Amino acid sequence: YQLPGNNFRKAAYGARYLQGEFAGFDEMFPTISECCCDIHPWVGTLMPDHGEVWSIPWHFEVKELVIRLWTHGIRFPYVLSKEVSFEGPRTVLHRYRAENLSPCAFPAMWAAHPLFNMSPGSRIILPETARTIMNTVPGPAFEVYGQRYSFPIATTPDGRAWDLSQIGPNEGKYYFKYFFTDELEEGFAIIHDPESR
């Protein structure tokens, strides 16, 4: 999903994601949610919401049909790089590499965070082994951080069933942020919009 117009508001380093643009394709690294590191020698290092790399500048170069991008960490010494190549008329391939520049290990998570403008009735299709989620943001539907639910149908303690694989109407009051806790045997995610196919 891209915003209309030519201007894109850059987020300040460490800003909460809600202060950024809800468009484009963000990278989340070395964390997804705000947290403090608990591993020596990084104990107490605060990692910002959405990680670091979504809000800092990237370097890039273009060679034929390959775009290479890279950026350096701020609170941990690393380089995150990405190569985007075009494999045929309908395939875009993203290759990632994270390089630790320190002799000490640090914990890291990465997530792609593309934003889609989806029509009601669109479906999210995931591997069959993706069956258990953990809520990571308390909200009007899932009230307790860390609560686990089944996927795709999650039933809350009040008995309400939520089909998380189905995009409903944009009512503006419900939102979900969760992590899958299952070990996946396949790695894919499909968004199917029946209107555009």
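Criteria and cut-off values
Residues numbered from 1 in each chain as written. Predicted model: local features only at pLDDT ≥ 70, side-chain atom pairs only at ≥ 80, totals over all residues. Heavy atoms only, no water. Pairing = 2+ DSSP bridges. Helix = DSSP H or I, 4+ residues; strand = E, 2+ residues; numbered from the N terminus. Axes fitted to C-alpha atoms, helices over the stretch in contact; angles between N-to-C directions. Core = buried A, V, L, I, M, F, W, Y, C linked by side-chain atoms within 4.5 Å. Buried < 20%, exposed > 50% of the residue type's maximum accessible area, 1.4 Å probe, protein only. Contact = heavy atoms within 4.5 Å.

Judged by pairing direction, the sheet is antiparallel, and its four strands sit side by side in the order β4-β5-β6-β7 without closing on themselves. Both edges of this open sheet fall to β4 (59–63) and β7 (92–100), since each of them pairs with a single strand only. In this sheet, neighbouring strand axes are inclined to one another by 15° on average, regardless of whether the strands run parallel or antiparallel. As judged from the seven bridges shared by strand β5 (residues 66–72) and strand β6 (residues 78–86), these two strands associate in the antiparallel manner. If you follow R68 over to β6, its bridge partner there is E83.

Pairing of β4 with β5, which is carried by five bridges, proceeds in the antiparallel orientation. Looking at the pairing, E61 lines up with R68 of β5. Hairpin remark: β5 followed by β6, antiparallel, with five residues in the connecting loop.

Another point: the nonpolar core. Residues F29, C37, W42, M47, V53, I56, F76, Y78, L80 and F106 constitute the largest nonpolar core, which totals ten residues. Those residues within four positions of F76 in sequence are excluded, and the remaining contacts are P30, C37, W42, T45, M47, F106 and P107. Counting residues in each nonpolar core, the second largest holds eight residues, with Y149, F151, A154 and L164 among its members.

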